[in-house]
Amino acid sequence: MVTVDTAVAGARLRDVRNGMTIPPALTLKTVLDASYRPAWWFNFLTHEPLTFASLSRYTGTVADLINSMFDPTLTFEDLDWLRETWKGKLVVKGIQTVEDARKVVDHGADGIVLSNHGGRQLDRAPIPFHLLPEVAAALKADNSEAAIILDTGIMSGADIVAALALGADFTLIGRAYLYGLMAGGRAGVDRTLQILEKDMARTMALLGVSKISELTPDHVRLLAR
Ligand SMILES: Cc1cc2nc3c(=O)[nH]c(=O)nc-3n(C[C@H](O)[C@H](O)[C@H](O)COP(=O)(O)O)c2cc1C
């Protein structure tokens, strides 16, 4: 999967305001925030320090890291090179227009991820869910078999059902599983998936649908903007 919406880091204002750095820094505000949470302090003082396994050799903000890691000059020619070099499935993540969806499939992508990176990259970028019907129609008109994957804002099973009904093959989750992870470690991630699955089953039952293949765009009403 190659992500194309991160040419440079977006303005991650919350990270700046919260002083989110690698490694995490203890500021007066974080100390005050935690001061009335004795269980947190106990854990903090009795366990090994928190580290990011994949970022242990890096210090700075996440935005600085992105800007040092990514090449902002990425073009469709680079995608062609990748297509030639990589014989496995190739998926392009961060598609935000119908035209780009068609174009990356023409350049050999096996799938596209409609995503605006959770709104943390280009501010005011289109909402992927709103783009989905048009992209599904365009790829169908092209007789394309490319997978359409929806990412951004999936927080419930009903969100997944709505995306599948509008033509997504499947969806991704970014923050939802991380919330489970923060709350309960691995068991928390399993619980997140259970909650999503149960919500999907309930939503489908309420729609009178027993199989995912029975979902159609008629099951969704997009609110007029
Ligand atoms: C902690 C964190 C790390 C992420 N790292 C990446 C990454 O390395 N590559 C990428 O393409 N997207 C990354 N994303 C973006 C997610 O894949 C996803 O596009 C975004 O969070 C929107 O989905 P959501 O609304 O389900 O969170 C990251 C998101 C989070 C929260």
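Within every chain, residues take consecutive numbers counted from 1 along the sequence as written. Two thresholds apply to this predicted model, a pLDDT of at least 70 for residue-level local features and 80 or more for giving and counting side-chain atom pairs, whereas whole-chain, interface and lining totals are computed over all residues.

Undergrad: Got a minute to help me understand the domain arrangement of the chain in this structure?
TA: Reports of interface size often rely on the accessible area that becomes lost once the parts have come together. Considered domain by domain, the chain is made up of domain 1 (13-68) and domain 2 (73-219). Of note, the centres of domain 1 and domain 2, computed from C-alpha atoms alone, are 30 Å apart. What marks off one domain from the next here is an automatic or database domain assignment.

Undergrad: What am I meant to see in the site of the ligand here?
TA: Any residue whose backbone-placed C-beta atom lies within 6 Å of a molecule or strand is treated as near that molecule or strand. The environment of the ligand is formed by 14 residues, the closest being Thr3, Gly118, Thr152, Gly174 and Arg175. Gly falls in the polar group here, along with every residue not listed as nonpolar (Ala, Val, Leu, Ile, Met, Phe, Trp, Tyr, Cys, Pro) or charged (Asp, Glu, Lys, Arg). For the shell around the ligand, the per-class residue count stands at four nonpolar, seven polar and three charged.

Undergrad: I would appreciate a short explanation of the nonpolar core in the present structure.
TA: Soluble globular proteins tend to bury their nonpolar side chains together. Think of a nonpolar core as buried Ala, Val, Leu, Ile, Met, Phe, Trp, Tyr and Cys residues chained together by C-beta atoms that fall within 7 Å. Here a residue counts as buried when 20 or more other C-beta atoms fall within 10 Å of its C-beta, as exposed when 12 or fewer do, and as partly exposed in between; the C-beta atoms come from the backbone. Ile112, Leu114, Leu132, Ile148, Ala163 and Ala168 are the most contacted members of the largest nonpolar core, which totals 31 residues. Contributions of two or more residues to this core are made by strand S4 (91-95), helix H6 (98-106), strand S5 (111-114), helix H7 (128-141), strand S6 (147-150), helix H8 (157-165) and helix H9 (175-207). What counts as a contact is two residues whose backbone-derived C-beta atoms lie within 7 Å of each other. With residues up to four places along the chain from it excluded, the contact list for Ala168 reads Leu132, Ile148, Ile149, Leu150 and Ala163. A run of H or I in DSSP becomes a helix once it reaches four residues, and a run of E becomes a strand once it reaches two; helices and strands are each numbered from the N terminus.

Undergrad: Would you explain the packing of H6 against H7 in this entry?
TA: The angle between the axes and the distance between the axes are what describe a pair of packed helices. Note on definitions: angles span 0 to 180 degrees between N-to-C directions of axes, and those axes are lines fitted to C-alpha atoms, for helices only across the stretch in contact. H7 packs onto H6 with a crossing angle of 40° between their chain directions and a minimal axis gap of 9 Å. The orientation of H6 with respect to H7, classified from their angle, is oblique. Read as a crossing pair, H6 and H7 show a hand that is right-handed. Facing Val98, Ala101, Arg102 and Val105 of H6, the residues of H7 in contact are Leu131, Glu134, Val135, Ala138 and Leu139. We call two directions roughly parallel when the angle between them is under 35 degrees, roughly antiparallel when it is over 145, roughly perpendicular when it lies between 65 and 115, and oblique otherwise. Here a crossing is taken to be left-handed if its near helix is turned anticlockwise relative to the far helix by less than a right angle, and right-handed if that turn runs clockwise.

Undergrad: Help me understand H6 in this model?
TA: Along an α-helix, residues three or four apart share an orientation, since each turn contains 3.6 residues. For H6, the complete set of buried residues consists of Ala101, Val104 and Val105. Each buried residue of H6 lies within a common arc of 100° when the element is viewed along its axis, so the set occupies one face. Away from its buried face by more than 90 degrees, H6 exposes Glu99 and Asp106. Buried-residue contacts for H6 involve helix H5 (76-85), S4, S5 and H7. At the C-terminal side of H6, Gly108 shows a positive phi close to 105°. The arc under discussion is defined with respect to the helix axis, by the directions toward the C-beta atoms.

Undergrad: Even after reading the chapter, I still don't get the packing of H8 against H9, so can you show me in this structure?
TA: At a minimum axis distance of 7 Å, the contact between H8 and H9 shows a crossing angle of 60°. Taken as axis vectors, H8 and H9 run oblique relative to one another. Judged by the twist between their axes, the crossing of H8 over H9 is right-handed. Across the interface between the two elements, Gly157, Ala158, Ile160 and Val161 from H8 touch Leu196, Glu197, Lys198, Asp199, Met200, Thr203 and Met204 from H9. Residues belonging to the contact of H8 with H9 are distributed by class as follows: six nonpolar, two polar and three charged.

Undergrad: What should I look at first to understand the sheet that holds strand S1 (residues 2-3) in this one?
TA: Note on sheets: strands pair through backbone hydrogen bonds, and any given pair is parallel or antiparallel. Note on pairing: DSSP must find at least two bridges between two strands before they are called paired. Taken together, five strands build an open sheet; the order of strands is S1-S4-S5-S6-S7 and the sheet is parallel. With partners counted over all chains shown, the strands left at the sheet margins are S1 and strand S7 (170-171), one partner each. Relative to S7, S6 is paired through two bridges, and the arrangement is parallel. Opposite Leu150, over in S7, you have Thr171 as the bridge partner.

Undergrad: Could you clarify how one ought to interpret the pairing of S4 in this entry?
TA: Looking along a regular strand, one sees side chains alternate from face to face of the sheet. Of all five residues in S4, four are buried; the element is thus mostly enclosed. The pairing of S1 with S4 spans two bridges and is parallel. When the sheet's bridge partners are listed, Val2 is paired in S4 with Val92. In terms of strand pairing, S4 meets S5 through four bridges, oriented parallel. Counterpart to Val92 in the pairing with S5 is Ile112. One crossover worth recording links S4 to the parallel S5 by way of H6, and it is right-handed. When the strands point away from the viewer, a crossover counts as right-handed if the path from the first strand over the helix to the second runs clockwise.

Undergrad: Before we go on, may I ask you to explain the pairing of S5 in this structure?
TA: The alternating pattern of S5 places Gly111 and Val113 and Ile112 and Leu114 on opposite faces, both of which are buried. Where S5 lies against S6, four bridges are found, and the strand directions are parallel. Bridge assignment links Gly111 to a residue of S6, and that residue is Ala147.

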